[in-house]
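Chain residues, written in single-letter form:
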Amino acid sequence: MDGAISGLTRYVIAASGILLSLAALGIDASQIALVAGALGVGVGFGLQGIVANFIAGLVLMLERPVRLGDRIEVGTLLGRVTRIGLRSSTVRGEDGAEVIVPNETLIGREVVNWTLSDRKRRVQIAVGVAYGTDPRRTLAVITKAVSEHVGVLSTASGSAEPIVQFVAFGASSLDFVVRFWTGDDPEHEERLKSEVGIAIHDALMAAGIEIPFPQQDVHVKSLPAGEPKPSQPASG
């Protein structure tokens, strides 16, 4: 809110300074009104986008659906908000590029804000084990490995317990899905998924549970003795 007040104050002071300067030059109110009317016509014909972005900037500063430091997703852009102005805002992407986003885009389009109320979010990891493995034992081993990771939230922190579910009979494995909540910084999500994935792998290996490679059965059919082989096409 302090940023909104300071921004609005800066523009009000600038506008007041312009009006006082015009008055010092001897330009009366009627002339100022004439100039304002001409500017209004110009706005109506060619500055609609600027005005729309200006109004959207005021909405952003007053309602604050997006704040400085928030991690947002707009279309294909994912990054952290580093500046909010009256015409445009700046979002720093994951690759370090700073993208100038018109404020009208942040107001008129769907924006995903990952940190608006809190930093909690759900993470999902897929796991497959070999056929012949006891699925109930697998559930217990994975649940224990995930619950013991320091980055995974539990009911003590007001979040749901980690959930491990059997989801499908895959082509080469029994497929499970792991879902858990975390409060780590969103930028560290990939690191957390890597750490939890390694913990699951180590727990399965320690329990003697195999993580299979993709498998494919090949059946070779032999012809009975004396049966002619299929004719080969003549070579060119």
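Worth saying up front: this structure is predicted, and the values here are computed from it rather than measured.

Definitions and limits used
- Residues numbered from 1 in each chain as written.
- Predicted model: local features only at pLDDT ≥ 70, side-chain atom pairs only at ≥ 80, totals over all residues.
- Heavy atoms only, no water.
- Helix = DSSP H or I, 4+ residues; strand = E, 2+ residues; numbered from the N terminus.
- Contact = heavy atoms within 4.5 Å.
- Polar contact = N/O pair within 3.5 Å; in protein donor to acceptor, adjacent residues only side chain to side chain.
- Core = buried A, V, L, I, M, F, W, Y, C linked by side-chain atoms within 4.5 Å.
- Buried < 20%, exposed > 50% of the residue type's maximum accessible area, 1.4 Å probe, protein only.
- Pairing = 2+ DSSP bridges.
- Axes fitted to C-alpha atoms, helices over the stretch in contact; angles between N-to-C directions.
- Parallel < 35°, antiparallel > 145°, perpendicular 65-115°, else oblique.
- Left-handed = near helix turned anticlockwise from the far one by under 90°.
- Nonpolar A, V, L, I, M, F, W, Y, C, P; charged D, E, K, R; others polar.
- Expected span 1.5 Å × (residues − 1).
- Arc of directions from axis to C-beta.

**Q** What is the right way to look at the environment of W114 in this model?
**A** Turning to its location among the elements, W114 is positioned in the loop between β5 (112-113) and β6 (121-129). Separated by 44 residues in the primary sequence, W114 and D70 have C-alpha atoms spaced 7.2 Å apart. The contacts of W114, once residues within four sequence positions are left out, are R71, E73, L78, R119 and R121. Reaching out from W114, the side chain makes a polar contact with the side chain of E73 at a distance of 3.3 Å.

**Q** Even after reading the chapter, I still don't get the side chain of T133, so can you show me in this structure?
**A** Of note, T133 is situated in the loop between β6 and α5 (135-147). Those residues in contact with T133 that lie beyond four places of it in its chain are T138, L174 and I209.

**Q** Where do I start with the nonpolar core in this structure?
**A** Nonpolar side chains in soluble globular proteins tend to end up buried together. In terms of nonpolar packing, the biggest core is built from 19 residues, with I142, V146, V178, F180, V196, I200 and L204 touching the most fellow members. Put simply, the parts of the chain that give this core at least two residues each are β6, α5, β8 (174-182) and α6 (189-206). In this structure I200 touches V127, I142, A145, V146 and V178, once residues within four positions along its chain are discounted. In this structure, I72, V74, I84 and L106 belong to the second largest nonpolar core, which totals 10 residues.

**Q** Please clarify how the pairing of strand β7 (residues 163-169) should be interpreted in this entry.
**A** Residues in a regular strand project their side chains so that they alternate between the two faces of the sheet. For β7 and β8, the ladder comprises 6 bridges, and the chain directions are antiparallel. From the neighbouring strand, F166 faces β8, where its bridge partner is F176. Here β7 folds back onto β8 in antiparallel fashion, the turn holding 4 residues.

**Q** Looking at this model, I keep getting lost on the sheet that holds β8. Mind explaining?
**A** As a general point, the strands of a sheet are linked pairwise by backbone hydrogen bonds and lie either parallel or antiparallel. Taken in spatial order, the 3 strands make up an open sheet running β6-β8-β7, and their pairing is antiparallel. The sheet terminates laterally at β6 and β7, the two strands that pair on one side only. When the angles between neighbouring strand axes are averaged without regard to direction, this sheet yields 25°. Across the face of the sheet, α5 comes into contact with β6, β7 and β8 while running at roughly 25° to β8.

**Q** Explanation requested: the packing of α5 against α6 in the structure shown.
**A** A pair of packed helices is characterised by two quantities: the angle between their axes and the separation of those axes. Taken N-terminus to C-terminus, the directions of α5 and α6 make an angle of 135°; their axes are 9 Å apart at the nearest point. When the interaxial angle is binned, α5 and α6 end up oblique. Note that α5 runs across α6; the crossing there is right-handed. Each of T138, V141, I142, A145 and V146 in α5 lies in contact with α6, whose residues at this interface are V196, A199, I200, A203 and L204. Counted by class, the contact of α5 with α6 contains 9 nonpolar, 1 polar and no charged residues.

**Q** Just checking my understanding: could you explain the pairing of strand β1 (residues 71-74) for this structure?
**A** Examined bridge by bridge, β1 and strand β2 (residues 77-84) share 4 bridges and lie antiparallel to one another. In the sheet register, I72 faces β2, and the bridge partner there is G79. Following β1, the chain reverses through 2 residues before pairing antiparallel with β2; G75 in that reversal takes a positive phi of roughly 65°. By the bridge criterion, 2 bridges tie β1 to β5 in an arrangement that is antiparallel. Residue E73 lies in a different strand from β5, and its bridge partner there is V112.

**Q** For this particular structure, what's the right way to read α5?
**A** The α-helix winds at 3.6 residues per turn, so residues separated by three or four positions along the chain end up facing the same way. Its 13 residues place the ends of α5 18 Å apart at the C-alpha level, agreeing with the 18 Å of an ideal helix rising 1.5 Å per residue. Buried residues of α5: T138, V141, I142, A145 and V146, and no others. Summarising the axial view, the buried residues of α5 lie within an arc of 125°, below the 170-degree limit, and thus occupy one face. Every exposed residue of α5 that faces more than 90 degrees away from the buried side is listed here: R136 and K144. Where α5 is buried, its residues contact β6, β7, β8 and α6. Capping the start of α5, D134 holds a side-chain oxygen 3.1 Å from the backbone nitrogen of R136, two or three residues further along.

On their own, these measurements won't tell you what the molecule is for.
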